There are 2 protein chains.
Amino acid sequence: MIEADVQVLQDEIKAMGDEIRSLKAEKADAALIKEKIAAMLEKKKLLGDGQTDQGKFVLKTAKGTRDYGPKSMAVRETVLKIVTDAFKRHGAETIDTPVFELREVLMGKYGEEGGKLVYDLQDQGGELLSLRYDLTVPFARYLAMNKITNIKRYHIAKVYRRDQPVMTRGRYREFYQCDFDIAGQYDLMIPEAECLKIVDEVLSKLEIGEFIVKLNHRFILEGMFAACGAGSDQFKTVCSSVDKLDKQPWIEIEEELIKEKGLTKENTEKLGQFVRLRESQLLIEFNPSMGNVELLDKLMEFEELAKNARLKKGVEELKVLVNYCSLFGVNSVRFDPSLARGLDYYTGAIYEAAVPKALEGINLETNGEEQKGLPVGVGSVAAGGRYDELVGNFMAPSGAKGKEKRQDVPCVGISFGIERLFAIMEAKMQIEQLPVRTTETEIFIASAQKNLLQERMKLCKTLWDEGFKAEFAYKANPKLLTQLQYCEDRLIPLVLIVGERELQEGVVKLRNVKTRAEQDIPLNELVPTLRATLSSL
Amino acid sequence: MIEADVQVLQDEIKAMGDEIRSLKAEKADAALIKEKIAAMLEKKKLLGDGQTDQGKFVLKTAKGTRDYGPKSMAVRETVLKIVTDAFKRHGAETIDTPVFELREVLMGKYGEEGGKLVYDLQDQGGELLSLRYDLTVPFARYLAMNKITNIKRYHIAKVYRRDQPVMTRGRYREFYQCDFDIAGQYDLMIPEAECLKIVDEVLSKLEIGEFIVKLNHRFILEGMFAACGAGSDQFKTVCSSVDKLDKQPWIEIEEELIKEKGLTKENTEKLGQFVRLRESQLLIEFNPSMGNVELLDKLMEFEELAKNARLKKGVEELKVLVNYCSLFGVNSVRFDPSLARGLDYYTGAIYEAAVPKALEGINLETNGEEQKGLPVGVGSVAAGGRYDELVGNFMAPSGAKGKEKRQDVPCVGISFGIERLFAIMEAKMQIEQLPVRTTETEIFIASAQKNLLQERMKLCKTLWDEGFKAEFAYKANPKLLTQLQYCEDRLIPLVLIVGERELQEGVVKLRNVKTRAEQDIPLNELVPTLRATLSSL
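Quick notes on the rules
- Residues numbered from 1 in each chain as written.
- Chains lettered and ligands numbered in written order.
- Predicted model: local features only at pLDDT ≥ 70, side-chain atom pairs only at ≥ 80, totals over all residues.
- Heavy atoms only, no water.
- UniProt positions renumbered as here; feature names shortened; annotations may be inferred.
- Helix = DSSP H or I, 4+ residues; strand = E, 2+ residues; numbered from the N terminus.
- Buried < 20%, exposed > 50% of the residue type's maximum accessible area, 1.4 Å probe, protein only.
- Contact = heavy atoms within 4.5 Å.
- Areas by Shrake-Rupley, 256 points an atom, 1.4 Å probe, with all protein chains shown as cover.
- Pairing = 2+ DSSP bridges.
- Polar contact = N/O pair within 3.5 Å; in protein donor to acceptor, adjacent residues only side chain to side chain.
- Axes fitted to C-alpha atoms, helices over the stretch in contact; angles between N-to-C directions.
- Parallel < 35°, antiparallel > 145°, perpendicular 65-115°, else oblique.
- Left-handed = near helix turned anticlockwise from the far one by under 90°.
- Nonpolar A, V, L, I, M, F, W, Y, C, P; charged D, E, K, R; others polar.
- Buried area = accessible area lost by both parts, 1.4 Å probe.
- Salt bridge = Lys/Arg side-chain N within 4 Å of Asp/Glu carboxyl O.
- Least-squares fit on C-alpha atoms with pLDDT ≥ 70 in both.
- Core = buried A, V, L, I, M, F, W, Y, C linked by side-chain atoms within 4.5 Å.
- Phe/Tyr/Trp six-rings, centres within 6.5 Å; stacked < 30°, edge-to-face > 60°.
- Lys NZ or Arg CZ within 6 Å of the ring centre and 35° of its normal.
- Disulfide = S-S within 2.5 Å.

Taking an unreviewed UniProt entry as the reference, chain A is identified by name as histidine--tRNA ligase belonging to Teladorsagia circumcincta. Under the UniProt heading Catalytic activity (unreviewed entry), the note attached to chain A is "tRNA(His) + L-histidine + ATP = L-histidyl-tRNA(His) + AMP + diphosphate + H(+)".

Below you can see the structure in the form of C-alpha cells.
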C-alpha cells in the first residue's frame, strides 16, 4: 500500500456517498444504487476497524493534502536532489519567503479563476493574510521590496490552492514548486536558453522517458490572433481555447471559438492552419524531427502573418533561442504555435515540457491491483517563460506618477511540476521493484549474548564519533535473529557482532549482510577496516 | 545590513508610533513626546524613500515573518546540514506532514495560552483548518492515523504561532523546528541517551561556545511539589514559577508561589532547598562539575523526598540515564532539580540545552552600529523529553471503551530551537567577518574580446555536461574587468578566459582568482586539468 492511500480512500468513499445520495434523490434504478452501496462498503473495509468506530473523530489530514511517509520522502529527496543540483550547477542562489503574504500582495495576480483558489487566514485581529498560491508573486514582491534588480535564484517550497483535488493524478491542494528565475537586464534569449538547458538536464537525469519542450512566443500568439480578428482584449480567452489542442480535437476547439468566443468560421479555419502547422507539416513531410527554424519560416510564408511586425519580432527572437539551444545541446525543444499558456504576466518566450510516454509500456493491470496514486495521463512537468513587468508593477502599482518612476526588472524563469515527477518516480520504483532505502545507516551493532548493552553502546559511540552512520537495538537483551532481520529489512550493509569470546580476544565480528560472510577484526584496526569495506561496497 | 532589517525596522516604527499615541492620550510631557517623535523619524529615514511615498501600499512581509535572502539561506543551510547529518548518523528516517491540520486535531493540545496562539484558516466552506503549532502533535496524529507503533524519525519544517514577535531575539511567528523522536516500546532510558548524544554532537559541531544540558524528571518534580503541599492539580502552575529560576532571583519566585499559587512560607522555603540544590552544593564544595549521581543522592538525603516512591523511581531512572550518557561520552549533562518544563504531555525525563556564553566576549558595540537581529540573552537552544501518552490519546481520545482498547505508543524526542542557532551563527559569521558564499559556482567562463558569446556558451555546455558548476555572463560583449570582478565578489575560484588567439591555438586560459596566476590549457586536457585544480584548492 502506498502512502497516500488512506486519504485517497477517504476521499473516494466520500465521493461515492455523494453519488449514492444524488442517485437516490433522482430515484435511480434500485439495483444500481444497491451495487454502488456494496462498492462503497467494500472500500470502507479497506480503511480498517478504527475508522468506523462510533463517536470517535476521524483522524485524517485536511482535504487534498497528504503525509509523506519515509518511503515517499526518500523518493522526494532523490528527485529534489537532481533538481537542486542542476540549479546549483548553473550558479543559482536560493531564497525563502514566508508561507503567507499580506492579502493585498496576492490580490489581482492570478486572474478570476486563480483568485478564487487562494486560501485566506482567518481575521484574528491584525493584518489580513493569505497562503501563497505560487512562488513567482512572492519572488516579485521580494525583489521590489528589497530593490533587487539582478539575481539568479531558486526557491523550493510548498504552495496552496483550494482546487478540486485529483490525488490519483498527483493534483493536491498543498504541493511543491521548484522555481528557477533570472532577473536582470541581459542580452536577448541568453537567460531563456539557460532555463531550457536546465529543463533538459533535469528531465534527462530523472530517466523517466522521452520528453519534449514546446516553445512559443507571446508576440506570435498575438500576431496569429490579430490576423484572425481577435483583438488584444480576447487574448486570454482565445489562449485558453487553443491551449486545449493537446487534449481535444481541433473540431471541438473550433466550435468553442465560434460559439463562445465569437470568431467567424473563416477566421477560425485560418487560426487552425496556423496553430496546427507543426502537425500538418509532419503529415506532409514525414519528418518528425523537422527543424524549428524551418517551421518558423513556414509560419512567415502566410501573408497575413508576415506583415505583422510584432509577430515577425517573435519569430526572430525564437530563432535566436533555437540557435542557443543547439549550442547548449538541447535537442528536446519544439516550436509549437499551439502552445498558449494563458498567464497574464508573460511578455515573451513561453515553454512547457511534457513526458508523453511516461509509464507507457507499463501494464498497470498486470500488477493485479488497481494502481492508486499513479499518474495516468501526465501533462506538463515543467513550464515557464519571460515576465518583464511583474516586478515593476509592484514597485509602482498605479497612477501616472508611478509610470514615470517605473523601473522594470525583466525576469525569466522555469517552474518544475515536481509532484508529477514524484508520482512518476514513485510509480517507476514501485513497478520496477527497486528497493527504497529510508535511512542511511551503514553499520548495525549487534550482540549474540545477554548483558552486552554497555559494550554495544560504547562501540556505537566510537563509530558515531568517527562519522559512521550506526545503530544498535534499544533493548538490553535483543535476539540476534531480530537484529539481523532488522538489517535485512532496512538494507543496512554491515553488522558488527559483539560477543564475550570476541571481547576477550580484542576482536569484533564483521558481517556482510548480503553475502553473510563474517570475519574477526581486531578492535584497533576497526575504523580503517570499516572505511575500506564501506567504500568497496 | 542583515536580512531581517526592513521587517525589524517596520515593526519598531509601528511600536514607537503606538507608544507616541498613548503618551499623547495620557497627556504626557511634551518634551518627551517630541523626543520620541524625533527618534521615530530617524528610524523611518533608514527605510529609504520608497517606503514613505504617499498613496502607495507598503511592501512588507506579514508581521513576525521575514524573507531569507541568499546570505541567510547559506547560513541556514550550514546549520541544517549539521543537524540533519546528526539525525542521519543515528539512523533516522524522515517524514513530512501538511502545514495545516484539521482544527480538532490541534484543539486542546497546547494549554490555555498556547491555544490562543494557533493560526486558524478562514472558513471558506469545507473543513475547519489551522496552521500547525509544533511538529509533535502532527507526528502523534500521523502515528495514530497510520497505526505505527515503532519509528525513529526526524522532521524539519516551519511552525506557526501568533505570539508577540521579538525578532531582535530570534522570536518569529513563522519559525523552523527540527525534531527527532523515537517511538516504540524499548528498554529504560536507552532512547533518551541517544537524544542527548545527538544534542551533544550538534552543539559541539556548531562551535558556538560551551553548552550545558539540564536534566530532570517529571516524577522528581511531582515528588518535590507533593512534599511541599502542592497537589497534582497545581503541577503546571508551580512548574511555570519554578522554571523562571534561571531568569529571576528565588526571592521573587517565592513571593509568586506564596501570593499567587497559595503555598505556605514554610513549604516555599522547603521547595527552595530542593530546587536550588545544585546551586547550594556548588557554593559549599566549590566543585563546578559535581557529579550528577552525587547530586541525585543528595536529593535523596531529604527525608520527605526519600519516602516518596515515585520520586525515588525518577531518581533511579535518571541515574541510569546519566550512566548511559557517560558511556556515550556526553559530558554536558547536569541534573538540575529546578528544570521544570511545564508541557502537559511529558511523562518522564525532560531536558533542555542552553549556550550560556554564546556571543560572550564579543563586544557588540565595537562594531560601531546597533546590532539588530542579534540574540543578546540566548535561552534554550534544544529541549525535549518523554511523552508516553500523546499518541494513545489520539487513538482513543475519550470514554471508557477507549480506555480498554487503548494502545500506548511510548515516545521520546528532542527539538532544536533552530532559529536561535541561526541567529547565533549569523552573528558569529558577521562579527568574525567570515565570507559567506551564496552559490557553489566553481568556474566562470569569461572572454576578453567581442563576439565570443557562442564560444563561451559551448564551453560552458561542456563543463555542465561534465558536472562542473559553471557560469558565464548573459551579455554578448561583457567587459573582462566586470567579469573578473563578479568572480571576486562571488568567491568563484577559477576563470576560463576565451580569446581569439587561444582558440586558434586550441587552448584556453585558466586563471586562479585568488592568486591571479594564469596558464594556457590545451582544450583536450581541459576537463582533467579542471578536476585536478579544483580538488587541490
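More follows now that the structure is in view.
Student: Is there a simple way to think about the overall build of chain A in this case?
Tutor: If you tally the helices and strands in chain A, you get 22 helices and 15 strands. Classification of the 537 residues of chain A by burial places 55% in the buried group. Restricting to contacts in chain A with at least 6 residues of sequence separation, those with at least 24 account for 72%. Counting only carbon and sulfur atoms, one obtains 50% of the accessible surface of chain A, whose full area is about 24000 Å².

Student: Would you take a moment to explain helix α8 (residues 218-227) of chain B for this structure?
Tutor: Three- or four-residue spacings in an α-helix give side chains the same orientation, since the helix completes a turn every 3.6 residues. Residue and element names in this part refer to chain B. Of all 10 residues in α8, nine are buried; the element is thus mostly enclosed. Regarding α8, the residues found buried are R218, F219, I220, L221, E222, G223, M224, F225 and A227. With its phi angle positive at about 80°, G229 sits one or two positions after the end of α8.

Student: Honestly, helix α6 (residues 136-145) of chain A in this entry has me stumped. Any pointers?
Tutor: Residues and elements named next belong to chain A. Among the 10 residues that make up α6, 10 are buried, leaving the element largely enclosed by the rest of the structure. Of all the residues in α6, the buried ones are T136, V137, P138, F139, A140, R141, Y142, L143, A144 and M145. With its phi angle positive at about 50°, K147 sits one or two positions after the end of α6.

Student: Would you take a moment to explain the pairing of strand β14 (residues 507-512) of chain B for this structure?
Tutor: Residues and elements named next belong to chain B. A large share of β14 lies buried, amounting to five of its six residues. In terms of strand pairing, strand β13 (residues 494-498) meets β14 through four bridges, oriented antiparallel. Bridging from a neighbouring strand, L496 pairs with L510 of β14. Pairing between β14 and strand β15 (residues 518-522): five bridges, direction antiparallel. Pairing of V507 across the sheet is with P522, part of β15. Here β14 folds back onto β15, and the loop between the two strands holds five residues, one of which, R516, carries a positive phi near 65°.

Student: Explain the side chain of E419 of chain B to me, please; I cannot follow it from the model alone.
Tutor: Residues and elements named next belong to chain B. Along the chain, E419 falls in helix α18 (residues 418-431). Owing to a relative accessible area of 6%, E419 belongs among the buried residues under this scheme. In this structure the side chain of E419 is engaged in a polar contact, spanning 2.7 Å, whose partner is the backbone nitrogen of Y176.

Student: When you look at the packing of helix α7 (residues 190-206) of chain B against helix α15 (residues 309-327) of chain B in this model, what are you seeing that I'm missing?
Tutor: What describes two packed helices is the angle between their axes and the distance between those same axes. Residue and element names in this part refer to chain B. Direction vectors running N to C along α7 and α15 enclose 50°, while the axes themselves pass 9 Å from each other. Here α7 is positioned oblique relative to α15, judged by the angle of their axes. Between α7 and α15 lies a crossing whose hand is right-handed. The residues of α15 that touch α7, namely those facing I190, E192, A193 and L196, are L321, Y324 and C325.

Student: What am I meant to see in the packing of helix α10 (residues 250-259) of chain B against helix α11 (residues 265-275) of chain B here?
Tutor: Residue and element names in this part refer to chain B. Between α10 and α11, whose axes approach to 10 Å, the crossing angle comes to 140°. Classed by the angle they form, the pair α10 and α11 counts as oblique. The handedness of the crossing between α10 and α11 is right-handed. Residues W250, E254, L257 and I258 of α10 form the contact with α11, whose participating residues are K265, T268, E269, L271, G272 and V275. By residue class, the composition of the contact of α10 with α11 is five nonpolar, two polar and three charged.

Student: Help me understand the interface of chain A and chain B in this model?
Tutor: Where the parts come together, the accessible area they lose is often given as the size of the interface. Chain A puts 104 residues into the contact, and the matching count from chain B is 105 residues. Both sides of the chain A and chain B interface together cover about 9100 Å² of buried area, and 57% of this is carbon and sulfur. Counting every contact that joins chain A to chain B gives 16 salt bridges. Between R76 of chain A and D96 of chain B there is a salt bridge; the shortest N-O distance is 3.1 Å. There are 46 residue pairs in polar contact (both at pLDDT 80 or more) connecting chain A and chain B. Here the element with the most residues in the side of chain A that touches chain B is helix α19 (residues 453-465) of chain A; it accounts for seven residues. Classifying every residue of the side of chain A that touches chain B by side-chain character gives 46 nonpolar, 22 polar and 36 charged.

Student: How should I be thinking about the relation of the copies chain A and chain B in this particular structure?
Tutor: Both copies of the chain are placed relative to one another by a rotation about an axis and a shift along it. Of the two same-sequence chains, chain A is brought onto chain B (RMSD 0.2 Å, axial shift 0.0 Å) by a rotation of 180°. Taken together, the rotation and translation relating the two chain copies correspond to the operation of a two-fold axis. Comparing contact sets, 100% of the residues at the interface of chain A also lie at the interface in chain B, consistent with an isologous, same-surface contact.

Student: Looking at this structure, how should I read the environment of E269 of chain A?
Tutor: With respect to the helices and strands, E269 of chain A occurs in helix α11 (residues 265-275). Sequence separation of E269 of chain A and W250 of chain A is 19 residues, and the distance between their C-alpha atoms is 9.9 Å.

Student: I keep staring at unusual backbone geometry and nothing clicks. Help me out?
Tutor: Across the chain, the bulk of peptide bonds are trans and the bulk of non-glycine residues have phi less than zero. Residue and element names in this part refer to chain A. Of note in this structure, E207 is not a glycine but carries a positive phi near 50°. Relative to the elements of secondary structure, E207 occurs in the loop between α7 (190-206) and β6 (212-217). Residues other than glycine seldom take positive phi values, yet Q433 does so here, at roughly 50°. Along the polypeptide, Q433 turns up in the loop between α18 (418-431) and β11 (443-447).

Student: What exactly am I supposed to notice about the nonpolar core here?
Tutor: Across soluble globular proteins, nonpolar side chains have a tendency to be buried as a group. Core analysis: the biggest nonpolar cluster contains 288 residues, and M224, L271 and F416 of chain A together with M224, L271 and F416 of chain B have the highest contact counts within it. Discounting chain neighbours no more than four positions away, the residues touching F416 of chain B are V83, F87, Q177, C178, I198, V199, V202, V381, A382 and L421 of chain B.

Student: It is not clear to me how the packing of aromatic side chains should be interpreted in this structure. Could you clarify?
Tutor: For any pair of aromatic rings, the description rests on two quantities: the centre-to-centre distance and the angle between the ring planes. This structure, assessed with the given rule, holds 34 aromatic pairs over all chains. An angle of 85° between the planes, with centres 5.7 Å apart, marks the rings of F472 of chain A and Y474 of chain A as edge-to-face. F472 of chain A sits in the buried class, given a relative accessible area of 4%. In this structure an aromatic cluster arises from ring pairing among Y186 and F328 of chain A together with W464, F472 and Y474 of chain B. Sitting over the ring of Y68 of chain A, R76 of chain A keeps its end group 4.4 Å from the ring centre. One cation-aromatic arrangement involves R153 of chain B over F139 of chain B; the distance from NZ or CZ to the ring centre is 3.9 Å.

Student: Honestly, the sheet that holds strand β5 (residues 174-183) of chain A in this entry has me stumped. Any pointers?
Tutor: Picture the strands of a sheet paired through backbone hydrogen bonds; they go either parallel or antiparallel. Residue and element names in this part refer to chain A. Strand order in this open sheet of eight strands is β1-β4-β5-β10-β9-β8-β6-β7, and the pairing throughout is mixed. With partners counted over all chains shown, the strands left at the sheet margins are β1 (93-94) and β7 (333-335), one partner each. Inspection of the sheet shows strand β4 (residues 151-160) paired to β5 by 10 bridges, in the antiparallel sense. Bridge pairing in β5 places I156 opposite C178. With respect to the sheet, α7 is in contact with β4, β5, β6, β7, β8 (349-354), β9 (380-387) and β10 (411-416), its orientation differing from that of β10 by roughly 10°.

Student: Just checking my understanding: could you explain the state of the cysteines for this structure?
Tutor: Linking two cysteines covalently via their sulfur atoms produces the bond known as a disulfide. Residue and element names in this part refer to chain B. This structure, assessed with the given rule, holds zero disulfides over all chains. Counting only cysteine sulfurs, C195 is the nearest neighbor of C325, a cysteine outside any disulfide, at a range of 10 Å. When its relative accessible area of 2% is taken as the criterion, C325 is described as buried.

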